[in-house]
Amino acid sequence: MGYCLNAAQADQVLSALRKDYRVYAPKRFPKQGRYSDTDVIRYAEVERFGDIVWEVKSDYPAKEVLSPIQQAIFYFTEDEYRASKGPTKPILILARPCDINAQHVQAKIYAGNGGYDDFYYQRMREQVHFAMMECGGGDDTCFCVSMGTNKTDDYALALRFSHDGVSVQVADPAFAPYFGGMPQGEYIPAFVEENELKVEIPDLSDKAVRQALKKHPMWKEFDKRCISCGSCTVACSTCTCFTTRDVCYGDNPEVGERRRVAASCQIAGFDQMAGQREFRSTAGDRMRYKVLHKFHDYKARFGDSHMCVGCGRCTHRCPELISLSATVNKVNAAVDEIKADLAKEGR
Ligand code: SF4
Ligand code: SF4
């Protein structure tokens, strides 16, 4: 069933939905961007149709709703603890296809990985429904088509925004009552078919190639250029690493809460072990780890897709203008070089 709503009608539907759901969408926060007088667009609860930013990609991904940058996991006193409360209301998230596909990646890591479900992610994910925001093509950092994440059928509603209002397809009949009395109209969702940016995924199936790539000089470039700030992983739609931190209330260190806080494999000391030992002690080592995780290791473990969904947010947020797509293209060139060398050696 399709509907064509003007802004006032969209406000009425949103207000009806908000009685039963917490509705999250990209929202503009004026003057909170990283440069003076710039805005930031991130996920937050929306109260009015006009709050929804649909013309440009959000700076931060939809994952911030499901796995916030920090959250209390339990509260403790000297001799007892209590888990934090989960969401009390179902959640509707307005997200582009890449962000919805990113949740399939995150779900594989958080749920059932190694036989354990992540309790905090799982209780959130069970409450989430998606409203797919049609994407008009993204920007010059997007390469969802190369990653196969430009399409999805995992949505309860599909939405096409315009300056006049929004066209809606109701895919989940449970949402039909919210549109009672609204003007009907034909709407078939469309997906991005081509990005300006194309990325060729390197063929890393050969172990000898991977071993040679590990030692390739291309990674040294990042020792000077990457400042190991971790901004790329915070903005990444699919990164999941976190650490924990205890926050004590008042003077008593035995009363407080334990939070989980986003962590980044790009920050020095991320993999530090007892005895100060580190496996990836340079920025280049850490970049290699991230890129190979996104474009080989995740797929080798989980099978069906690469971890990167091509949202381009890491490139967009990097203060050193390091482009992930350009890095992957460099990996491709390095792999060709390595294969030629191995062929000369008869391997
Ligand atoms: S690595 Fe970059 S392009 Fe890929 S999902 Fe993460 S932020 Fe998006
Ligand atoms: S955002 Fe850029 S500089 Fe910061 S860790 Fe990532 S690649 Fe390095």
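The structure this text deals with has already been given above.
Residues numbered from 1 in each chain as written. Chains lettered and ligands numbered in written order. Predicted model: local features only at pLDDT ≥ 70, side-chain atom pairs only at ≥ 80, totals over all residues. Heavy atoms only, no water.

## With respect to the overall build of the chain
The criterion, for reference: A run of H or I in DSSP becomes a helix once it reaches four residues, and a run of E becomes a strand once it reaches two; helices and strands are each numbered from the N terminus. Within these notes, the globule rule equals 2.2 Å times the number of residues to the 0.38 power, and the radius of gyration is based on C-alpha atoms. Each residue is assigned to one of three classes by its accessible area relative to the maximum for its type, calculated with a 1.4 Å probe on protein chains only: buried under 20%, partly exposed between the two thresholds, exposed over 50%.
Within the chain one finds 11 helices and 11 strands. Taking 2.2 N^0.38 as the reference for a compact globule, 347 residues should give roughly 20 Å; the C-alpha atoms of the chain span a radius of gyration of 22 Å, in line with that estimate. Its C-alpha atoms give the chain principal-axis dimensions of about 70 × 60 × 45 Å. Taken across its 347 residues, the chain has 47% of its residues classed as buried.

## Quick word on the sheet that holds strand S2 (residues 22–29)
In plain terms, the rule: One requirement defines pairing of two strands: DSSP has to find at least two bridges between them. Angles shown run from 0 to 180 degrees and are taken between the N-to-C directions of axes, each axis being a line fitted to C-alpha atoms and, for helices, limited to the stretch in contact. Residues count as neighbours in contact if any of their non-hydrogen atoms are within 4.5 Å of one another.
Reading across the sheet, the seven strands line up as S1-S9-S8-S7-S6-S2-S3 and stay open at both edges, with mixed pairing between neighbours. In the strand order of this sheet, the two ends are held by strand S1 (2–6) and strand S3 (40–45), each with one partner. Neighbour-to-neighbour, the strand axes of this sheet turn through a mean angle of 25°, independent of strand direction. Of the strand pairs in this sheet, strand S7 (residues 128–133) and strand S8 (residues 157–162) are connected by three bridges, and their pairing is parallel. Along S8, the bridge assignment pairs Met132 with Ala158. Across the sheet, helix H3 (residues 97–110) lies against S3, strand S6 (91–95) and S7, angled at about 150° from S7, the strand it touches most.

## Section: the site of ligand 2
Quick reminder of the rule: Residues are labelled near a given molecule or strand when at least one of their non-hydrogen atoms is within 4 Å of it. Each residue is assigned to one class: nonpolar for Ala, Val, Leu, Ile, Met, Phe, Trp, Tyr, Cys and Pro, charged for Asp, Glu, Lys and Arg, and polar for all the others, Gly among them.
Lining the immediate surroundings of ligand 2 are 13 residues, of which Cys226, Cys229, Gly230, Cys232 and Cys318 lie closest. When its residues are assigned to classes, the shell around ligand 2 shows eight nonpolar, four polar and one charged.

## Things to note about the site of ligand 1
If you check the shell around ligand 1, you find 13 residues, and the closest are Cys236, Cys308, Cys311, Gly312 and Cys314. Tallied by class, residues from the shell around ligand 1 come to seven nonpolar, four polar and two charged.

## What to know about the packing of aromatic side chains
As a reminder of what qualifies: The criterion for an aromatic pair is that two Phe, Tyr or Trp rings (for Trp, the six-membered ring) have centres within 6.5 Å, with stacked assigned to planes under 30 degrees apart, edge-to-face to planes over 60 apart and tilted to the rest.
In this structure the tally under the stated criterion is 12 aromatic pairs. Summarising the aromatic geometry, the rings of Phe49 and Phe161 are spaced 5.8 Å apart at their centres and angled 15° between planes, so their arrangement reads as stacked. On the criterion of sequence distance, the pair formed by Phe49 in the loop between S3 and helix H2 (63–66) and Phe161 in strand S8 is long-range, its members being 112 residues apart. Considered together, Phe49 and Phe161 belong to a single accessibility category, that of buried residues. An aromatic cluster of at least three residues, connected via ring pairs, comprises Tyr21, Phe175 and Tyr178.

## Some thoughts on the sheet that holds strand S10 (residues 242–248)
Strand order across the open sheet formed by four strands is S5-S4-S11-S10, with antiparallel pairing between neighbours. This sheet does not close on itself; its edge strands, each paired only once, are strand S5 (81–83) and S10. Averaged over all pairs of adjacent strands, the angle between strand axes in this sheet comes to 30°, irrespective of strand direction. The pairing of strand S4 (residues 70–76) with strand S11 (residues 256–262) spans six bridges and is antiparallel. Note that in S11 the partner of Gln70 across the bridge is Val261.

## Description of the side chain of Arg125
The topology assignment puts Arg125 in helix H4 (residues 119–125). Not counting residues up to four positions away in its chain, the partners in contact with Arg125 are Leu66, Gln103, Phe130 and Asp154.

## A closer look at the state of the cysteines
What counts, and what does not: When two cysteine sulfur atoms lie within 2.5 Å, the pair is treated as a disulfide.
Applying the stated criterion across every chain, the model contains zero disulfides. Cys239 takes part in no disulfide bond, and the closest cysteine sulfur, belonging to Cys236, lies 3.6 Å away. As a non-bridged cysteine, Cys241 has Cys265 as the owner of its nearest cysteine sulfur, 6.1 Å distant.

## Regarding the pairing of S6
Looking along a regular strand, one sees side chains alternate from face to face of the sheet. The element S6 is extensively covered by neighbouring structure, given that five of its five residues are classed as buried. Direction of pairing for S2 relative to S6: parallel, over a ladder of three bridges. In the strand pairing of S6, Tyr24 is matched with Ile93. Direction of pairing for S6 relative to S7: parallel, over a ladder of five bridges. Pairing of Ile91 across the sheet is with Val128, part of S7.

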